[in-house]
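Examining the three-dimensional arrangement
For reference, the chains in residue letters:
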Amino acid sequence: MCGIVGYLGPLNPKDVIMQGLKKLEYRGYDSAGLAILQDGNTKLVKATGKLQALEDRIKNETWTGHVGIGHTRWATHGVPSERNAHPHKVHGITLVHNGIIENYHEIKEGLLARGAQIASDTDSELVAHLVAEEFERVKDLKTAVERVLPKLVGAFSIVVLCEQSPNELIAFKDGPPLVVGLGKNENFVASDVQALIKYTQEFIYLNDREIVKLLADKVQLFSSHGVPIERKSVTLNWSPELTEKQGFAHFMLKEIHEQPRTVATAVQTHLCGDRVVLNRVGFLDKNYFEHRDSIDVEKDWENTQRILQGIERVFIIACGTSFYAGNIAKYFIEKIAQLPVEIDIASEFRYRDPVVPKNSLVMTISQSGETADTLAAIRLAKERGATTLSLCNVKNSSIDRFADGHLYMNAGPEIGVASTKAFTATIAMLNVFALGLGQIRKTLSPDEEKNFVMSLRSVPSKMEVVLSYDKYFLAAANSLKDFRGFLFMGRGTNFPIAMEGALKLKELAYLHAEGYAAGEMKHGPIALIDERMAVVMVAPRDSYFEKTVSNIEEVKARGGYIISLGSGDDHALKRISKMYLPIPSSDWLTNPILFVIPLQLMAYHLSSVLGYDVDQPRNLAKSVTVE
Ligand code: AGP
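These numbers come from a predicted model, not from an experiment.

Criteria and cut-off values
Residues numbered from 1 in each chain as written. Predicted model: local features only at pLDDT ≥ 70, side-chain atom pairs only at ≥ 80, totals over all residues. Heavy atoms only, no water. Helix = DSSP H or I, 4+ residues; strand = E, 2+ residues; numbered from the N terminus. Rg over C-alpha atoms; globule rule 2.2 N^0.38 Å. Contact = heavy atoms within 4.5 Å. Areas by Shrake-Rupley, 256 points an atom, 1.4 Å probe, with all protein chains shown as cover. Buried < 20%, exposed > 50% of the residue type's maximum accessible area, 1.4 Å probe, protein only. Pairing = 2+ DSSP bridges. Salt bridge = Lys/Arg side-chain N within 4 Å of Asp/Glu carboxyl O. 1 Å grid on protein atoms, 1.4 Å probe; cavity = no way out; pocket = protein on both sides within 12 Å on 5 of 7 lines; lining within 4 Å. Points joined across faces, edges and corners; volume = space filled by probe spheres on them. Nonpolar A, V, L, I, M, F, W, Y, C, P; charged D, E, K, R; others polar. Axes fitted to C-alpha atoms, helices over the stretch in contact; angles between N-to-C directions. Phe/Tyr/Trp six-rings, centres within 6.5 Å; stacked < 30°, edge-to-face > 60°. Core = buried A, V, L, I, M, F, W, Y, C linked by side-chain atoms within 4.5 Å. Arc of directions from axis to C-beta. Disulfide = S-S within 2.5 Å. Parallel < 35°, antiparallel > 145°, perpendicular 65-115°, else oblique.

1. Remarks on the overall build of the protein chain
Each helix and strand in the protein chain was counted, giving 19 helices and 27 strands. Whereas a compact globule of 627 residues would reach a radius of gyration of roughly 25 Å, the protein chain reaches 25 Å, a difference of no more than 12%. A principal-axis box enclosing the C-alpha atoms of the protein chain has dimensions of 75 × 55 × 45 Å. Of all intrachain contacts in the protein chain linking residues separated by at least 6 positions in sequence, the fraction that spans at least 24 positions is 70%. With an accessible surface of roughly 23200 Å², the protein chain has 50% of that area assigned to carbon and sulfur atoms.

2. Section: the pairing of strand 27 (residues 579-583)
Within strand 27, five of the five residues are buried, leaving the element largely enclosed by the surrounding structure. Burial along strand 27 is two-sided: Met579, Leu581 and Ile583 facing one way and Tyr580 and Pro582 facing the other are all buried. Note that strand 26 (residues 561-567) and strand 27 share five bridges and pair parallel. Bridging across to strand 27, Gly566 finds its partner in Pro582.

3. Quick look at the pattern of salt bridges
As a working rule, side chains carrying opposite charge can pair if their charged atoms are close by. For the structure shown, the criterion picks out 36 salt bridges. Note that Glu258 and Lys254 form a salt bridge whose closest N and O atoms lie 3.9 Å from each other. Of this pair, Glu258 and Lys254 are both found in helix 6 (residues 251-268), four residues apart, which corresponds to roughly one turn of the helix. Its salt-bridge partner being Arg275, residue Glu449 comes within 3.7 Å of it at the nearest N-O pair. Separated by 174 residues along the polypeptide, Glu449 in helix 14 (residues 446-468) and Arg275 in strand 17 (residues 275-276) bring together distant segments of the chain.

4. Here's the deal with empty space enclosed by the protein
One pass over the full model with this rule turns up three cavities of 30 Å³ or more. Volume-wise, the largest cavity comes out at about 260 Å³. The wall of the largest cavity is formed by 27 residues, among which Ser191, Asp192, Ser368, Glu370 and Val394 lie closest to the centre. The residue makeup of the lining of the largest cavity, split by class, is ten nonpolar, ten polar and seven charged. Estimated volume of the second largest cavity: approximately 60 Å³. Looking at the second largest cavity, the residues that line it are Cys2, Arg73, Trp74, Ala75, Thr76, His77, His86, His97, Asn98, Gly99, Asp123 and Ser124. Put simply, the parts of the chain that give the lining of the second largest cavity at least two residues each are strand 6 (93-101) and helix 4 (123-138). Class assignment for the residues of the lining of the second largest cavity results in three nonpolar, seven polar and two charged.

5. Things to note about the sheet that holds strand 22 (residues 405-408)
Read from one edge of the open sheet, five strands run 19-18-20-21-22, paired in parallel fashion. Two strands lie at the open edges of the sheet, namely strand 19 (341-345) and strand 22, each paired on one side alone. Averaged over all adjacent pairs, the angle separating strand axes in this sheet is 20 degrees, with direction ignored. Bridge count for strand 18 (residues 313-318) against strand 19 is five bridges, and the pairing is parallel.

6. Thoughts on the layout of surface pockets
Sizing a probe to match a water molecule and rolling it over the atoms shows the empty space that remains. Estimates place the volume of the largest pocket at around 1100 Å³. What lines the largest pocket is a set of 40 residues, and nearest its centre among them are Leu236, Arg292, Asp293, Lys395 and Asn396. Looking at the lining of the largest pocket, the elements with two or more residues in it are strand 15 (234-235), helix 6, helix 7 (288-291) and strand 22. Ranked by the residues each element gives to the lining of the largest pocket, the list is headed by helix 6, at five residues.

7. Topic: the packing of aromatic side chains
What characterises a pair of aromatic rings is the spacing of the ring centres plus the angle enclosed by the ring planes. Per the stated rule, a full pass over the model turns up eleven aromatic pairs. Ring plane angle 45 degrees and centroid distance 4.8 Å describe the contact between Phe483 and Tyr561, whose orientation is recorded as tilted. With a gap of 78 residues between them, Phe483 in the loop between helix 15 (470-480) and strand 23 (485-490) and Tyr561 in strand 26 connect regions that are remote in the sequence. Tyr561 matches Phe483 in its accessibility class, with the two residues each being buried. Taken together, the ring pairs in this structure connect Tyr7, Phe188 and Tyr199 into an aromatic cluster.

8. Considerations on the sheet that holds strand 14 (residues 228-229)
A sheet is described by the order of its strands in space; here seven strands give the open sequence 5-6-7-8-12-13-14, paired in antiparallel fashion. Looking at strand neighbours, the two that pair on one side only are strand 5 (88-90) and strand 14, the edges of this open sheet. By the bridge criterion, two bridges tie strand 13 (residues 219-223) to strand 14 in an arrangement that is antiparallel. Its bridge partner being in strand 14, Phe222 is matched across the sheet by Pro228. Running over the sheet, helix 4 touches strand 5, strand 6 and strand 7 (154-162) and is turned about 130 degrees from strand 6.

9. As for the nonpolar core
Of all hydrophobic cores here, the largest spans 100 residues; its most connected members are Ile333, Phe433 and Ile563. When residues in this core are grouped by element, the largest group, 13 residues, is from helix 13 (residues 421-440). When residues no more than four places from it in sequence are discounted, the contact partners of Ile333 are Ile316, Gln338, Leu339, Val341, Phe433, Ala434 and Leu437. Among the nonpolar cores identified, the runner-up in size contains 32 residues, and Tyr7, Ile58, Phe203 and Val417 belong to it.

10. Looking at helix 3 (residues 104-113)
When helix 3 is considered as a whole, its buried residues turn out to be Tyr104, Ile107 and Leu111. One side of helix 3 carries all its buried residues, which in axial view fall inside an arc of 70 degrees. Along helix 3, exposed side chains directed more than 90 degrees from the buried face belong to His105, Glu106, Glu109 and Ala113. Just beyond helix 3, the residue with positive phi is Gly115, at close to 85 degrees.

11. Quick look at the environment of Phe248
The residue Phe248 is located in the loop between strand 15 and helix 6 in this model. When its relative accessible area of 30% is taken as the criterion, Phe248 is described as partly exposed. Here Phe248 is in contact with Leu253, Lys254 and His257, once residues within four sequence places are set aside.

12. Description of the state of the cysteines
Scanning all chains against the criterion turns up zero disulfides. A disulfide-free cysteine, Cys2 has its sulfur positioned 18 Å from the sulfur of Cys319, the nearest such atom. Cys392 carries a free sulfur, and the closest cysteine sulfur to it, the one in Cys319, is 14 Å from it.

13. Regarding the packing of helix 6 against helix 14
Running from amino to carboxyl end, helix 6 crosses helix 14 at an angle of 180 degrees, the nearest separation of the two axes being 9 Å. Considered as vectors, helix 6 and helix 14 are oriented roughly antiparallel to each other. The segment helix 6 lies against helix 14, with Ile256, His257, Gln259, Pro260, Val263, Ala264 and Val267 engaging Leu456, Val459, Pro460, Met463, Glu464 and Leu467. Considering only residue class, the contact of helix 6 with helix 14 consists of ten nonpolar, two polar and one charged.

14. Considering the environment of Val160
Note that Val160 resides in strand 7. Separated by 65 residues in sequence, Val160 and Leu95 place their C-alpha atoms 4.4 Å apart.

Structure follows, in structure tokens:
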């Protein structure tokens, strides 16, 4: 899950590349480097640690030149170190790589047998050796890259520069994302549009197995066999400010506080008066990406209704936080649309030879739209004959482009590695999806629909209230820092929220926490309960409330430290809890959006109190684009 930037043009490549890498640091931050061609020579600098170490290393460099590449790394092969950092230079070829070369050992043996001097422990350097060998034969960089590709097994994206061919960059994408930025007498390539939005709003998204040749005044696309491809560019109207902190201490805190607005944005295009409209889904629309913003809404809505009316089973496939959101959707869809829902972790679904009956809809949830396991899962689903639907936050991402149908979180760029606003926007969109399905299947009455739509419209203002209680969540966080273990529990849709709360604590405070169905407590976890165990109970006044109170009593009887989250001023919970966190009353459909916010803020505060890097927690990356 590394970050790549390449540039060709009149600006100083060092500035463009470092600016781009800063925007990509969330993708991996254990080492970084850049290479710039100047007068036929490659200036190559690498540094271990955060990007600042590289910045310090090159701040006095006054390179000129007009072409360069840069990389921020999340280590797969080889420990984080300067020699394993990218770019890797072999003879006149210099390369950056994102992904994994699975036949690494076989390639390395072959290179060593041919006398190659291998300097690092990485699979990436081996690719540079292979390109250098082929370039010696063919003296053309694109042809050299084409000839290397069949030798490689795995998912990888690369950008290559060459001293003997100083006016071009060659890039190849298969798996991890690469996008080309188009400028006037300058062109760019990067892992994500955020790296380039300061310079251009015109992009070409690469599909798997495509090569791109960048010149300063021209961009040419080819298949991996060298066949030219025509591809329309996409204009993004993003402002660079969207990717700044805007006064918050961390991107994560900014994104937590953006949630009322992002939830409102997520649903507004799908609420029409008292009704939900699943519009702009573009099921099986071959020209969807060309005309998404000017789609014939009526025709599209009829098409969506026709397709969803034939669905008899729903699968929801995702990873991490997105998987927990999918778990919540199971309750929504089964109760409102009365359709069976199967939930699966993408890395399990893709390898378990799943049975996907005919008339199945397979929905993937992915903030990045690039998670390798989720992308593999949706590909398998399509092979098994399912209709596929993507819910993601990054438009034109690999998963979005592959799916038959398209829904969006519309949460804007999420920079914090720990997902927050994308999660609540996802839940809001899953509300919309369940209501739309219920409407289409006539399992939801107009009055019920009207009540749920009113509830959805009122959620952003209730979220503002929750955010205003942050001083209580800070106090709760401070009370937790000395405990040895954490159990987050809930029933019904509160159970996935409990799992998400546990994940946030793991990701941000590096503390072992478990999310559990409260009804499971007596089947094992109760043995953990003593005065050193902190128990966080998600307990809104819903149909599970009385049973959840019984679970809290059982914890209390064994000396557990209880923090409970409840609806309004709940005296029953206050009486039996060490700490009580009040959440505005709402209904079971929208409670998850409200009840996750305290858990996000508790994990945020604990991470800050413990002095950890909130936006870039250790070992993590924002988009897991390798298995
Ligand atoms: C959530 O805070 C984590 N960053 C992680 O679990 C994430 O949700 C998971 O990797 C899935 O990512 P995706 O939504 O981009 O597919």
